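Secondary and tertiary structure notes
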Amino acid sequence: MTCSLLLGALHSTLARGEAAPADDLARMSLGELANIEVTSVSKSSEGLQRAPAAIYVITHDDIQRSAATNIPEALRLAPNLLVTQTASSAYVISARGFGGNPNAQNFANKLLILIDGRSVYTPLFSGIYANTLDVMLQDVERIEVISGVGATLWGANAMNGVINIITRASYLTQGSFVDAAAGNQVQELGARYGDRINGDATFRAYGFEFHRGAMETAGGTTAHDGWSKGQGGFRTDWSTDRDSLTVQGDFYRGTENMLDNSDGMLFGGNLLARYQNHGARSDFQVQAYFDQNEQFGPAGGTAFVVHTYDLEVQQTIAAGASNRIIWGGGERVYAYGITNTASLLFEPPSHDLTLGDAFIQDTLALASSVNFIFGIKYEDDPFSGWMPLPDARLSWDINGHATMWAAASRAIRSPTPFDDEVVEKVGPFTYLAGNTQFRPEQVTAYEIGTRAQPSPDVSLSVAAFCNVYDDLRTIEHRVAKSFFPLYWGNLMRGDTFGIDAWGNWQINNWWRLSPGVTWVRERLEFRAGASQLLGIAQAADDPSSHATLTSSMNLPHHTSFDASLRYVGALPEPGLQHYYELDARYGWQVSEKVNLSLSGTNLLHERHTELPAPFGEQITRSVMAEARWKF
Amino acid sequence: MHSIHRFSRCLSAGAVLLQLVAGSLAVIAPAHAADEYSEDAVKAAYLYRFAGYVDWPDQGAGSEPFTIAVLGSPAVVQELRHLLPNLSVNHHPAEVREVRGLHDLGRAQILYVGAGHAGILRTLTPVQDHPMLLVTDEEGGLDAGGVLNFLTVDRRVRFEVSLTAAERARLKISSELLTVAVRVLGGRRQSRDGCVPQAAPNSVDGDCAVREARGLPHDSPSFGAGRRR
């Protein structure tokens with residue numbers, strides 16, 4: 001080590017700051033410039049860096065270089081998200097706390113996820129089925145992760161955050177691509193082909209199939225949660241001078257092993273069309289989609305089918321020199337059917353829920369460097385009626401090197417069939433029943449943040465927030481006659497405050513370090529009259545802090561090494577010790593067309609637990625080899 | 001709090017370790033690093049080179065310098081300051097000017113609008129008093145009024161072209177530039193006529209029809225930029 005350090009000191013005098021001379025660039029043709037592989041895609045040049053919100057962007061390049069094999073693993077690259085794996089196909093994803101508490105059947109339901117504008121939030125209990133999140137990672141353009149309220153634009157449930165997964169337009173994914181990966185936990189084969197239809201239109205089609213192995217129970221036996229999924233899909237992009245039309249769709253089927261070693265099934269698909277018209281002063285967009293998701297537990301278990309129909313229109317208008325107005329509205333219908341079991345019933349078991357909304361937002365340029373953004377959405381929720389979701393933000397661009405912003409906004413977590421219509425039984429005895437009087441959970445959020453680039457090599461983003469919650473869900477019991485059945489109430493309130501911060505440090509032209517940390521303090525209390533059953537902990541079982549440190553290196557001979565270390569603080573109740581875990585990937589760009597890699601996730605422990613038993617299994621170390629071939 | 005304290009102690013220990021690792025890795029790393037360029041340097045070079053592929057109607061008169069104005073990207077300004085001295089465009093010395101808003105553009109021939117700032121172009125008067133090549137750097141940049149818009153695809157800096165915007169600015173774009181573009185919007189006749197696929201050794205797509213494929217993925221910006229998904 002000492003020896004290599006000495007050598008390092010010697011060599012570093014030769015190595016530092018030796019970017020190739022700029023004059024070479026000035027002599028290159030456009031074609032040559034277009035073929036230069038750039039050292040790093042600088043985070044600071046992301047268009048969203050100026051938005052007055054805590055936005056972290058996971059780029060295509062970040063994902064391709066990482067060890068991530070699916071969307072939840074890729075989301076771990078965002079320091080403002082906490083991703084907790086509980087089983088082979090199950091993850092809990094949260095921002096700024098409120099990851100839920102399985103003890104109280106409280107789910108991570110304050111975060112919204114969209115794939116290409118299609119909501120993948122389940123209306124049944126408001127939360128995410130991670131087994132429906134798969135996309136071809138090679139085709140992801142970027143993932144925008146917004147921590148904080150986004151309800152004015154994205155609607156209810158964008159309470160603590162919004163995740164936008166955005167795939168590439170088909171004209172950027174032309175040609176053939178094959179991807180094969182094999183390891184102890186993950187085996188995957190995928191292919192994509194893109195071509196043009198005519199002068200105005202391009203398309204791509206893809207398919208993949210994977211198997212992910214089972215985890216272990218706390219007792220050390222198999223958790224029987226291995227699963228397989230096959231998925232295919234397409235995207236076409238067509239346009240004339242002023243219009244564009246995107247049509248895309250996916251379908252999938254999967255099998256999931258269950259604890260009794262029987263198989264559950266998973267089916268689904270979606271079709272989305274988006275038309276846009278670009279004018280000199282205004283843009284108009286209409287989007288419609290259909291989504292179907294069917295999940296079947298083992299024979300005799302719960303099963304459900306959800307059909308979603310969605311139509312949205314919006315217009316963006318540049319009004320005068322200083323106003324930019326965006327307005328629109330939409331209607332969504334969730335038609336679902338649930339197969340009740342003896343212990344878990346929904347009354348009624350099938351239902352059509354209609355969700356409507358209208359919104360308007362204005363970005364007002366107060367000065368060349370100061371913007372004021374204010375807007376409001378009215379959302380007609382099937383259980384609670386019209387709700388206003390306002391938002392106001394002020395941003396100040398300082399010298400082009402820094403942006404400061406402040407925001408105040410309001411959001412809700414809308415009631416669901418699980419809050420209003422559920423019946424849980426033990427034998428003939430009903431111990432929990434839904435509450436038709438259940439109100440939306442509410443938050444009023446205050447944020448202040450800054451994003452700065454103090455030097456060309458360093459950028460950082462810090463946001464401090466204070467969220468004031470009310471009407472949080474509690475479990476209540478009856479006073480008169482009998483204790484049971486229990487029911488859901490809204491008798492908790494409180495606030496959370498905290499910070500999420502991250503940075504990038506381009507140490508030299510081959511190495512970048514990106515640290516990030518989130519710290520949240522929750523102060524919650526029961527309101528008068530609460531049963532206080534299950535205690536304050538029922539609201540959330542969150543660590544007070546979590547952090548990541550990601551290192552990205554370009555090494556000689558067209559190789560790269562990327563590693564991401566994460567720290568998750570202790571969970572209070574149910575309790576779990578803090579832990580560190582590491583994901584890493586070593587890649588070799590053999591030629592323009594071929595990329596080989598060795599990678600692994602959760603490398604520090606052979607097994608570790610991210611949520612205590614019986615809610616979380618022991619997550620197994622995963623290593624794999626992968627080949628990608630473009631032609 | 002205890003865990004945070006321990007975590008910060010771990011971090012500082014980690015920082016020391018990282019410096020050690022950095023030192024030892026420096027032995028192996030530089031060989032590859034030397035022939036790489038930063039994204040901003042490549043963009044700066046593009047901005048200079050674009051001038052050779054575009055005709056301005058009032059070009060050639062007077063002895064004024066050829067000015068590349070930059071809004072919202074100090075990094076690109078810095079790269080242009082390295083690059084431009086001793087370079088000229090059509091015998092005019094090339095210079096860079098960092099601008100804060102549309103009011104101090106002067107008579108710049110090129111305006112580069114850094115990522116996240118393209119919205120400002122919507123406030124330009126429809127007929128500008130002098131022809132200017134507007135270069136944007138974000139998704140939807142062409143819709144905002146950009147003539148050229150940078151895209152980063154597979155770690156390469158590429159660009160797309162709006163011939164409609166070029167016509168509006170009274171600029172003529174050479175067919176060679178169109179050949180390298182990822183896609184060309186508008187002015188269909190013109191682009192088809194000017195299409196020279198065999199002269200595109202470095203074009204990834206290298207095909208006229210592909211270049212004409214259009215359709216902006218209107219994904220994105222949230223709050224400030226105001227698009228909803």
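Residues numbered from 1 in each chain as written. Chains lettered and ligands numbered in written order. Predicted model: local features only at pLDDT ≥ 70, side-chain atom pairs only at ≥ 80, totals over all residues.

Some remarks on the overall build of chain B
When helices and strands are tallied, chain B shows 8 helices and 10 strands. Scored against the burial criterion, the 229 residues of chain B give a buried share of 52%. For chain B, contacts bridging at least 24 residues in sequence account for 52% of all contacts bridging at least 6. (Helix = DSSP H or I, 4+ residues; strand = E, 2+ residues; numbered from the N terminus. Buried ≥ 20, exposed ≤ 12 C-beta atoms within 10 Å, placed from the backbone. Contact = placed C-beta atoms within 7 Å.)

Let's talk about the overall build of chain A
Within chain A one finds 7 helices and 36 strands. Taken over the C-alpha trace, chain A has a radius of gyration of 25 Å; the compact-globule value for 631 residues is 25 Å, and the two agree within 12%. Reported as C-alpha extents along the three principal axes, the dimensions of chain A are approximately 85 × 65 × 50 Å. Looking at chain A as a whole, 51% of its 631 residues are labelled buried. The contacts in chain A between residues at least 6 apart in sequence include a share of 59% that link residues at least 24 apart. (Rg over C-alpha atoms; globule rule 2.2 N^0.38 Å.)

Thoughts on the nonpolar core
Grouped together as the largest cluster of nonpolar side chains are 83 residues, with contacts concentrated most on I58, A74, L75, I93, V145, I165 and A411 of chain A. Beyond its immediate sequence surroundings of up to four residues, V145 of chain A is in contact with I55, Y56, I58, A78, N80, L81, G161 and I163 of chain A. (Core = buried A, V, L, I, M, F, W, Y, C linked by C-beta atoms within 7 Å.)

Notes on the confidence of the model for chain A
Residues shown with low pLDDT carry predicted positions that ought not to be read at fine detail. All names here are of chain A. Of all residues in chain A, 94% have pLDDT values of 70 or greater, and the mean over the chain is 89. The low-confidence segment residues 1–20, where pLDDT is below 50, has 31 contacts with residues more than four positions distant or belonging to other chains. Note on residues 42–46: pLDDT is under 50 here. Beyond four places in sequence and across chains, it has 13 contacts. (pLDDT = per-residue confidence, 0-100.)

Some details on helix α3 (residues 39–50) of chain B
Counting along an α-helix, one turn takes 3.6 residues, and residues three or four places apart therefore face a common direction. Residue and element names in this part refer to chain B. Between its terminal C-alpha atoms α3 stretches 16 Å, which fits the 16 Å expected from 12 residues at 1.5 Å a residue. Among the 12 residues in α3, 11 count as buried, and that is most of the element. All buried positions along α3 are accounted for by E39, D40, A41, V42, K43, A44, A45, Y46, L47, Y48 and F50. (Expected span 1.5 Å × (residues − 1).)

Some details on unusual backbone geometry
Cis geometry marks the peptide bond from E347 of chain A to P348 of chain A, where omega comes out at 0°. The topology assignment puts P348 of chain A in the loop between β19 (344–346) and β20 (350–367). A cis amide bond links E573 of chain A with the next residue in sequence, P574 of chain A, at an omega value of 0°. Residue placement: P574 of chain A occurs in the loop between β31 (559–568) and β32 (579–589). Although it is not a glycine, R155 of chain B sits at a positive phi angle of roughly 65°.

Considering the sheet that holds strand β10 (residues 184–185) of chain B
All names here are of chain B. Here 8 strands make up an open sheet; going across it, the order is β3-β4-β2-β5-β6-β7-β8-β10 and the pairing mixed. Each having just a single partner strand, β3 (88–89) and β10 make up the two edges of the open sheet. Inspection of the sheet shows strand β5 (residues 110–113) paired to strand β6 (residues 133–136) by 3 bridges, in the parallel sense. Along β6, the bridge assignment pairs L111 with L134. Helix-sheet contacts for α3 involve β2 (66–71), β4 (92–99), β5, β6, β7 (148–153) and β8 (156–162), and the interaxial angle to β8 is about 40°. (Pairing = 2+ DSSP bridges. Axes fitted to C-alpha atoms, helices over the stretch in contact; angles between N-to-C directions.)

Side note on the pairing of strand β28 (residues 486–508) of chain A
Residues and elements named next belong to chain A. In this structure, strand β25 (residues 429–433) lies alongside β28, joined through 2 bridges in parallel fashion. Residue A433 lies in a different strand from β28, and its bridge partner there is Y487. Looking at chain direction, β28 and strand β29 (residues 511–526) are connected through 14 bridges and run antiparallel. Bridge assignment links D495 to a residue of β29, and that residue is R523. Hairpin geometry of β28 and β29 is characterised by an intervening segment of 2 residues between the two adjacent antiparallel strands.

Some remarks on the environment of S282 of chain A
Residues and elements named next belong to chain A. One can find S282 in strand β16 (residues 282–296). For S282, a count of 15 C-beta atoms within 10 Å translates into the label partly exposed. For S282, the contacting residues outside a window of four places in its chain are Q315, T316, I317 and A318.

A word on the packing of α3 of chain B against helix α4 (residues 74–83) of chain B
Residue and element names in this part refer to chain B. Put simply, α3 and α4 touch, their axes get as near as 8 Å, and they point 60° apart. Overall, the two elements α3 and α4 adopt an arrangement that is oblique. When the axes of α3 and α4 are compared, the crossing they make is right-handed. For the pair α3 and α4, contact is made by D40, A41, K43, A44, A45, L47 and Y48 and by A75, V76, E79, L80 and L83, respectively. (Parallel < 35°, antiparallel > 145°, perpendicular 65-115°, else oblique. Left-handed = near helix turned anticlockwise from the far one by under 90°.)

Some points on the confidence of the model for chain B
Residue and element names in this part refer to chain B. For chain B, the average pLDDT comes to 70, and 61% of its residues sit at 70 or higher. Across residues 22–34 the pLDDT falls below 50, and counting only partners more than four positions away or on other chains, this stretch makes 38 contacts in the model. Segment residues 189–229 is flagged for pLDDT under 50; beyond a separation of four residues in sequence, or across chains, it makes 125 contacts in the model. Per the prediction output, this complex has pTM 0.84; the corresponding ipTM is 0.71.

Remarks on the sheet that holds strand β9 (residues 161–167) of chain A
Residue and element names in this part refer to chain A. Strands sit in the order β1-β8-β9-β4-β5 across an open sheet of 5 strands; the sheet is mixed. The open sheet is flanked by β1 (54–59) and β5 (118–119), the only strands paired with a single partner. Bridge analysis of strand β8 (residues 140–147) against β9 gives 7 bridges, and the strand direction is antiparallel. The residue of β9 that forms the bridge with I146 is V162.

Topic: the environment of G220 of chain A
Looking at the secondary structure, you find G220 of chain A in the loop between β12 (201–212) and β13 (227–239). Considering only alpha carbons, one finds G220 of chain A and R607 of chain A, 387 residues apart in sequence, at a separation of 9.8 Å.

Some remarks on the pairing of strand β3 (residues 90–94) of chain A
Residue and element names in this part refer to chain A. Across the 5 residues of β3, 5 count as buried, placing the element largely inside the fold. Alternating positions in β3 separate into two faces, A90, V92 and S94 on one and Y91 and I93 on the other, with burial throughout. Bridge count for strand β2 (residues 82–87) against β3 is 5 bridges, and the pairing is antiparallel. The partner of A87 across the bridge, within β3, is A90. The turn linking β2 back onto β3 is made up of 2 residues.

With respect to the environment of R107 of chain B
All names here are of chain B. Within the fold, R107 resides in the loop between β4 and β5. The partly exposed category is assigned to R107, around which 13 C-beta atoms lie within 10 Å. For the pair R107 and E64, spaced 43 residues apart in sequence, the C-alpha to C-alpha distance is 9.3 Å. Beyond its immediate sequence surroundings of up to four residues, R107 is in contact with E64, T67 and H130.

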